[in-house]
Amino acid sequence: MNIEQYIAKLDTAKDGPISWLGHYIEGQWQLNFQDSETRHSENPNTGEVLLEPRISRDAVMAAIELALHSKNKVQQMGMVARLAELNKFANALADYSDAFVKMLKLECGRPDWEAHSDVTSSIRYLQMIVKNSEQIKESLLAPASVGKPKSEYKLLPVGVALGYLPFSTPLTTFCTYFSAAILSGCPLVLVSTTHSSGLATLLGLLADKINLSPELLGLTFCSFKKMQNVFKDRKIDAIMYTGSREQCDSIRKESHSISGRQLMLQSGGKNAMLVHSSANIDLSVKYAAYGAYKAAGQLCTSTSRIFVYKNHLQEFCDKFVALTKTLKIGDTLESKDIFMGPLYSKKAVDKFLRFQTMAQREESECLIRGKTLADVGAGYFITPSIHLMDGFNATSSYQSNVLFCPDVAVYSYDVLEDAIGQINQTDAAFAVSFMGESKYLDNTYHLFAAPNILVNQPTCEIQASLPLAGRLQSGHHRFCGPGLAMRLSYPQVIQESQEEQKMLGTWPLK
């Protein structure tokens with residue numbers, strides 16, 4: 001099946017599951033692996049089966065083995081040739097953008113506006129990598145060239161890279177991982193979660209359409225449980241992974257004894273908005289809703305806490321609640337006017353409802369109680385929730401956990417430094433949105449633990465990714481975007497200097 005035939009099937013997805021083509025390894029669709037197990041990818045709008053991928057640890061191992069044998073060939077292609085392949089992929093993604101929009105709506109429950117934004121920003125991101133490749137290469141090598149700028153420096157790949165496509169941001173994550181692998185010269189083996197298997201299949205068909213060099217990319221399908229033993233394989237030189245804290249801790253444990261392995265692990269973010277005394281309240285409310293409800297709160301950059309200057313609290317809460325109640329929630333396939341779609345699974349809905357019960361025990365006032373929306377359809381629809389808290393408690397399970405749902409806790413503050421201190425009491429600091437006049441940050445920005453301080457912007461990225469990853473469990477590798485290539489490569493210098501030769505000539509050696 002080619003990509004055009006597959007796209008035609010998307011229009012009939014409501015009539016039954018779409019065909020699953022297999023694992024895309026060495027430029028071929030492969031089905032026959034002994035340990036295969038059939039799983040179900042659901043359309044979260046309807047709860048119906050969308051795709052039936054066959055997950056396989058053996059397929060992942062086969063792709064890793066092939067990547068190991070092709071890593072020298074990938075490096076020898078040179079960066080110019082690899083970037084030409086990336087450019088082909090970006091152009092093809094633009095040509096088939098409508099199909100990817102449709103898949104994000106079908107499989108991820110993304111509203112029309114958000115699906116278009118994700119696809120457009122992904123295309124722009126790849127184009128930016130190609131256009132600025134020389135500058136990016138110089139930036140990646142800059143730390144090595146300090147003190148010896150006239151020597152010749154090269155980037156060498158660390159080896160085989162394993163990446164995992166999360167359900168939350170499968171397309172933007174793919175573009176980030178793939179472009180980093182292209183820049184560094186690492187063959188990439190991608191593993192798709194069941195919940196992003198339709199989009200992963202579409203990516204494989206796109207690679208097939210443009211005759212992408214098979215050494216650059218393998219696409220496989222597997223569960224984390226089946227992957228446990230894969231992480232022990234010493235053939236893997238780098239792992240890029242977004243998932244739960246427990247899963248990231250497991251990867252660290254399995255990688256502990258493997259010397260030199262690079263880990264780029266991310267497990268959510270506990271992000272905050274700080275509404276300063278100088279803030280525009282209407283703008284703050286708008287950006288709070290965007291940050292909290294984009295992707296139904298299922299992003300590492302979603303806003304889950306809002307600290308409001310005490311004199312603005314009543315106005316902010318009144319307007320935030322009013323705006324939230326106007327949001328249109330529903331089937332993202334039925335209407336283009338939907339702002340927020342469903343959660344990704346029934347398990348996510350159950351978790352959301354558990355946290356509502358926990359929040360009830362701690363809140364001073366429930367501004368909006370989150371609940372399921374049965375009248376929308378059979379999918380996984382909920383209403384957002386807003387809780388006004390009596391005070392901040394870093395030991396509370398509700399207040400400290402990364403929730404990954406459209407739930408917001410609102411706090412009042414008087415002293416700015418106190419609010420910053422409370423915001424910092426998390427090991428999952430990714431982004432802070434500061435709403436107010438930037439001059440008030442001049443003497444306080446260094447107090448924030450979060451690496452991304454966004455002034456008069458929502459915590460959720462507008463483009464494909466924020467410049468930096470979060471702290472500790474939300475991405476301790478520090479870099480996002482092209483900076484990932486720094487962890488997938490290492491510098492090599494070819495040094496030739498007449499000065500050193502003259503110095504050696506003064507030695508008393510015959």
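Residues numbered from 1 in each chain as written. Predicted model: local features only at pLDDT ≥ 70, side-chain atom pairs only at ≥ 80, totals over all residues. Heavy atoms only, no water.

S.K.: When you look at the overall build of the protein chain in this model, what are you seeing that I'm missing?
M.R.: Helix and strand counts for the protein chain stand at 16 helices and 20 strands. For 510 residues, the compact-globule estimate of 2.2 N^0.38 gives 24 Å, and the protein chain sits close to it at 24 Å. For the C-alpha atoms alone, the extent of the protein chain along its principal axes is close to 85 × 65 × 40 Å. Among the 510 residues that make up the protein chain, the fraction classed as buried is 57%. (Helix = DSSP H or I, 4+ residues; strand = E, 2+ residues; numbered from the N terminus. Rg over C-alpha atoms; globule rule 2.2 N^0.38 Å. Buried < 20%, exposed > 50% of the residue type's maximum accessible area, 1.4 Å probe, protein only.)

S.K.: Would you mind going over the nonpolar core with me for this structure?
M.R.: A general feature of soluble globular proteins is that nonpolar side chains tend to end up buried together. Counting residues in each nonpolar core, the largest one holds 71 residues, and the members touching the most others are Phe89, Phe100, Leu171, Phe174, Phe178, Leu188 and Leu203. Counting 61 residues, the second-largest nonpolar core is a separate cluster that includes Ile306, Leu327, Tyr380 and Tyr398. (Core = buried A, V, L, I, M, F, W, Y, C linked by side-chain atoms within 4.5 Å.)

S.K.: Help me understand the layout of surface pockets in this model?
M.R.: The method is simple in principle: a probe with the dimensions of a water molecule rolls over the atoms, and the space it marks as empty is what remains. The volume enclosed by the largest pocket comes to roughly 1100 Å³. In this structure, the largest pocket is lined by 44 residues; those nearest its centre are Phe167, Gly243, Ser244, Gln247 and Tyr344. Mapped onto the lining of the largest pocket, the elements with two or more residues apiece are strand E11 (236-242), helix H9 (245-255), helix H12 (346-362) and helix H13 (397-400). Top element by residues in the lining of the largest pocket is H12. It accounts for five residues. A per-class count over the lining of the largest pocket returns 15 nonpolar, 20 polar and nine charged. (1 Å grid on protein atoms, 1.4 Å probe; cavity = no way out; pocket = protein on both sides within 12 Å on 5 of 7 lines; lining within 4 Å. Points joined across faces, edges and corners; volume = space filled by probe spheres on them. Nonpolar A, V, L, I, M, F, W, Y, C, P; charged D, E, K, R; others polar.)

S.K.: I would appreciate a short explanation of the side chain of Thr242 in the present structure.
M.R.: Positionally, Thr242 belongs in strand E11. In this structure Thr242 touches Tyr164, Pro166, Tyr177, Gln266 and Cys300, once residues within four positions along its chain are discounted. (Contact = heavy atoms within 4.5 Å.)

S.K.: Just checking my understanding: could you explain the sheet that holds strand E19 (residues 452-455) for this structure?
M.R.: Pairing between sheet strands relies on hydrogen bonds along the backbone, with the strands arranged either parallel or antiparallel. If you trace the seven strands from one edge of the open sheet to the other, you get E15-E16-E17-E14-E13-E18-E19, paired in mixed fashion. What marks the edges here is a single partner per strand, and that holds for strand E15 (363-368) and E19. Taken over all neighbouring pairs, the strand axes of this sheet differ in orientation by 20 degrees on average, direction set aside. Across four bridges, the pairing between strand E13 (residues 271-275) and strand E18 (residues 431-435) is parallel. The residue bridging Leu274 from the neighbouring strand is Phe434, located in E18. Packing against the sheet, helix H10 (residues 281-293) makes contact with E13, strand E14 (303-309), strand E16 (385-389), strand E17 (407-413) and E18, and its axis sits at approximately 175 degrees to E13. (Pairing = 2+ DSSP bridges. Axes fitted to C-alpha atoms, helices over the stretch in contact; angles between N-to-C directions.)

S.K.: Help me understand the packing of aromatic side chains, please; the structure alone is not making it clear to me.
M.R.: Given two aromatic rings, their pairing is described by the distance between the two centres and the angle made by the two planes. Here the structure, examined in full by the defined rule, presents 19 aromatic pairs. When the ring of Phe89 is compared with that of Phe174, the centres are 5.4 Å apart and the planes differ by 40 degrees; the resulting orientation is tilted. Here Phe89 is found in helix H2 (residues 57-95), whereas its partner Phe174 is found in helix H6 (residues 170-184), with 85 residues between them in sequence. Classification of Phe89 as buried rests on a relative accessible area of 0%. With a centroid separation of 5.7 Å and 65 degrees between ring planes, the pair formed by Phe392 and Tyr411 is classed as edge-to-face. (Phe/Tyr/Trp six-rings, centres within 6.5 Å; stacked < 30°, edge-to-face > 60°.)

S.K.: Would you explain the pattern of salt bridges in this entry?
M.R.: Side chains that carry opposite charge are capable of pairing whenever their charged atoms lie near each other. Applying the stated criterion across every chain yields a total of 22 salt bridges. Measuring nitrogen to oxygen at the nearest pair gives 3.2 Å for the salt bridge that ties Glu4 to Lys209. Within this pair, whereas Glu4 is found in helix H1 (residues 3-10), its partner Lys209 is found in helix H7 (residues 197-209), the two being separated by 205 residues in sequence. Residue classification places Glu4 among the partly exposed positions, given a relative accessible area of 35%. (Salt bridge = Lys/Arg side-chain N within 4 Å of Asp/Glu carboxyl O.)

S.K.: Please clarify how the packing of H1 against H7 should be interpreted in this entry.
M.R.: Helix packing geometry: the angle between the two helix axes and the distance between the axes. Relative orientation of the contacting elements H1 and H7 amounts to 155 degrees, with a least axis distance of 9 Å. The angle between H1 and H7 places the two elements in the roughly antiparallel class. Between H1, through Ile3, Glu4, Tyr6 and Ile7, and H7, the contact on the second element is made entirely by Gly198, Thr201, Leu202, Leu205, Leu206 and Lys209. The class makeup of the residues in the contact of H1 with H7 is six nonpolar, two polar and two charged. (Parallel < 35°, antiparallel > 145°, perpendicular 65-115°, else oblique.)

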